[in-house]
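A structural walkthrough
These are the residues of each chain, in order.
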Amino acid sequence: MNLYQKMKKAKKKSKIVFTRVGKYVFPDPYIAFDFIEKGRNTKNLYATLGKRPQGVLVDVLWHEENEDWQEFEVKVEGEGCHQFKGYKYADS
C-alpha cells in the first residue's frame, strides 16, 4: 500500500465535525473553569467573557463537540453583535 492509499484510508476513518459556535452560562466559576480545563487538549477555542449576575459566560468555537456542555448552553436568537473568529452564532 502506497502513502496516498494510506492517507485516503485514514481520511475515511476520521469523523467529520463541522465548526460550530456555542454560548454558555455556568452558575459557578469553578464549574466553568473545570469544563474548560477538561477541553484543553482539543482543537476547541474557549473565551471566558466574565462573571455576570446570571453566572460565568463562556463562548466556545467547537471543532470537537462535548455533550456535557449542553445543560449550560444558551440559545442565541438572531445575530446580536457577536461572532467568534468569523463564525456567526446564527449559523450555529
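Now for a description of the structure that goes with this document. Because the structure is a prediction, the values reported are computed rather than measured. (Residues numbered from 1 in each chain as written. Predicted model: local features only at pLDDT ≥ 70, side-chain atom pairs only at ≥ 80, totals over all residues. Heavy atoms only, no water.)

Counting 12 residues, the largest nonpolar core consists of Tyr24, Phe26, Ala32, Phe35, Ile36, Tyr46, Val56, Val58, Val60, Trp62, Trp69 and Phe72. When residues in this core are grouped by element, the largest group, four residues, is from strand β3 (residues 55-62). When neighbours within four sequence positions are excluded, Phe72 is seen to be in contact with Lys23, Tyr24, Val25, Phe26, Pro27, Ile31 and Phe35. (Core = buried A, V, L, I, M, F, W, Y, C linked by side-chain atoms within 4.5 Å. Buried < 20%, exposed > 50% of the residue type's maximum accessible area, 1.4 Å probe, protein only. Helix = DSSP H or I, 4+ residues; strand = E, 2+ residues; numbered from the N terminus. Contact = heavy atoms within 4.5 Å.)

With that out of the way, let us pick up the packing of aromatic side chains. Ring pairs (aromatic) are described by centroid distance and by the angle formed between their planes. Enumeration over the complete set of coordinates arrives at 10 aromatic pairs. One aromatic cluster in this structure is built from Tyr24, Phe26, Phe35, Tyr46, Trp62, Trp69 and Phe72. The ring centre of Phe35 lies 5.9 Å from the NZ or CZ of Lys38, which sits over that ring. (Phe/Tyr/Trp six-rings, centres within 6.5 Å; stacked < 30°, edge-to-face > 60°. Lys NZ or Arg CZ within 6 Å of the ring centre and 35° of its normal.)

Moving on to the sheet that holds strand β2 (residues 45-52). Read across the sheet, three strands follow the order β1-β3-β2 without closing on themselves; strand pairing throughout is antiparallel. Pairing within the sheet leaves two strands with one partner each, and these edge strands are β1 (20-26) and β2. Going across the sheet, the axis of each strand differs from the next one's by a mean of 15°, ignoring polarity. (Pairing = 2+ DSSP bridges. Axes fitted to C-alpha atoms, helices over the stretch in contact; angles between N-to-C directions.)

The final tally for this structure, using the stated rule, is six salt bridges. Notably, a salt bridge pairs Arg40 with Glu37, separated by 3.9 Å at the nearest N-O pair. Residue Glu37 is classed as exposed on the basis of its relative accessible area, which comes to 52%. Ionic contacts of the salt-bridge type, sharing partners, join the residues Arg20, Glu65, Glu73 and Lys75 into one network. (Salt bridge = Lys/Arg side-chain N within 4 Å of Asp/Glu carboxyl O.)

Mapped onto the elements of the fold, Lys23 is located in strand β1. Lys23 gets classed as buried once you look at its relative accessible area, which sits at 17%. Looking at Lys23, its side chain comes within polar contact range of the side chain of Asp59, at 3.1 Å. (Polar contact = N/O pair within 3.5 Å; in protein donor to acceptor, adjacent residues only side chain to side chain.)

Side chains three or four residues apart in an α-helix point the same way, a direct result of the helix having 3.6 residues per turn. Among all positions in helix α2 (residues 29-38), only Ala32, Phe35 and Ile36 are buried. Down the axis of α2, the buried side of the element spans an arc of 100°, and every buried residue falls inside it. Set apart from the buried face of α2 by more than 90 degrees, the exposed residues are Tyr30, Glu37 and Lys38. Buried residues along α2 sit in contact with β1, β2 and β3. (Arc of directions from axis to C-beta.)

Shape is all these values report; function is a separate question.
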